[in-house]
Amino acid sequence: MLSLPELSSPLIVDVFRLTSHEPHQYDYCLHHLGQFVRTDTALDAASQLTPLGEDHGYQHLWDCARADVAAGDSALFSWLDGDSYRTLVSAFPDGGELIVARTGASDPNFNLRNEPALLLRTRGTNAIFASVFETHGYFDEASEMSLDARGKVERVSVVSHDDVQTELNIYFAANRTLNVRISNRAAPAAEDAFSVAWQSVSPLNIPES
């Protein structure tokens, strides 16, 4: 969790790194509450709802919409939760899919509550899910007043990740970049475990015409 003076609420930086000797499909699932607001990906809504899979819990998720995310890009998904906005921005270093789902599939007795879910999907031998959660803004339903519905985080990228270190860049509005480094060693010293620093922005060198 990062408390930055530039933001009204702390950022949650969530990094999930997986390693294997064989290729797999990896899914990162987020069960959230609230009303969808926006995404920066082109969602392809399903014309007919079908379960997301046949077992392991996927059979209880409706496959509602999908968006392809190119390698090196990130995906932004924002929703309104009560009177606050929440935004998830996730890096896709190897590309993948953003899947919008909803619980309630394969439930003939209607025991499951109908609630939204979000899946980040990628494939490969190794994988890393690097996400930033931002709480921002305010919405008053009685007066229909909205403030700061868009967060400050615009993009997240994985600079590198290996057995020694994971390095991320978090890109903010106004062309500001926060560099985050996390040690992957088994028992790092406290001063080496985690570091954050704003990157300096070099002025543009535009030749005179």
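Residues numbered from 1 in each chain as written. Predicted model: local features only at pLDDT ≥ 70, side-chain atom pairs only at ≥ 80, totals over all residues. Heavy atoms only, no water.

Go over the overall build of the chain, please, and point to the residues and values.
Each helix and strand counted, the chain has one helix and 16 strands in total. With the C-alpha coordinates of the chain rotated into their principal frame, the extents come out at 65 × 55 × 45 Å. Across the 209 residues in the chain, those meeting the buried criterion constitute 37%. Within the chain, residue pairs in contact and separated by at least 24 positions form 58% of the contacts whose partners lie at least 6 positions apart. Only carbon and sulfur atoms are counted for the fraction: they give 49% of the accessible area of the chain, which is about 12500 Å². (Helix = DSSP H or I, 4+ residues; strand = E, 2+ residues; numbered from the N terminus. Buried < 20%, exposed > 50% of the residue type's maximum accessible area, 1.4 Å probe, protein only. Contact = heavy atoms within 4.5 Å. Areas by Shrake-Rupley, 256 points an atom, 1.4 Å probe, with all protein chains shown as cover.)

Give me the lowdown on the side chain of H32, citing residues and values where you can.
Mapped onto the elements, H32 comes out in the loop between β2 (24-30) and β3 (35-39). Excluding residues that lie within four positions of it along the chain, H32 makes contacts with F77, W79, P116, A117 and L118.

So what about the nonpolar core? Which residues, and what values?
Looking at soluble globular proteins, one finds that nonpolar side chains tend to be buried together. Membership of the largest hydrophobic core comes to 20 residues, with the highest contact counts inside it found for L11, V153, I170 and F172. Broken down by secondary-structure element, the contributors of at least two residues to this core are β1 (11-18), β7 (84-92), β10 (127-136), β13 (153-161), β14 (165-172) and β15 (176-183). The residues contacting F172, other than those within four sequence positions of it, are L4, L7, L11, K152, V153, E154, L178 and W198. (Core = buried A, V, L, I, M, F, W, Y, C linked by side-chain atoms within 4.5 Å.)

Can you break down the packing of aromatic side chains residue by residue, with the values?
Inspection of every chain in the model, using the stated rule, returns four aromatic pairs. Here Y28 and F129 contribute two aromatic rings whose centre-to-centre distance is 5.5 Å and whose plane-to-plane angle is 45 degrees, an arrangement assigned as tilted. You can see Y28 sitting in strand β2 and its partner F129 sitting in strand β10, a full 101 residues away along the chain. Comparing Y28 with F129 shows no difference in burial state: the two are buried. For the pair F77 and W79, a centre-to-centre distance of 6.2 Å together with 45 degrees between the ring planes defines the contact as tilted. The residues F77 and W79 share a single accessibility class, namely buried. These aromatic residues form a ring-pair network of at least three members: F36, F77 and W79. For R155, the ring lying beneath its charged end belongs to Y171, and the centroid distance is 3.9 Å. In this structure, R176 is placed above the aromatic ring of W198, and the distance from its NZ or CZ to the ring centre is 4.0 Å. (Phe/Tyr/Trp six-rings, centres within 6.5 Å; stacked < 30°, edge-to-face > 60°. Lys NZ or Arg CZ within 6 Å of the ring centre and 35° of its normal.)

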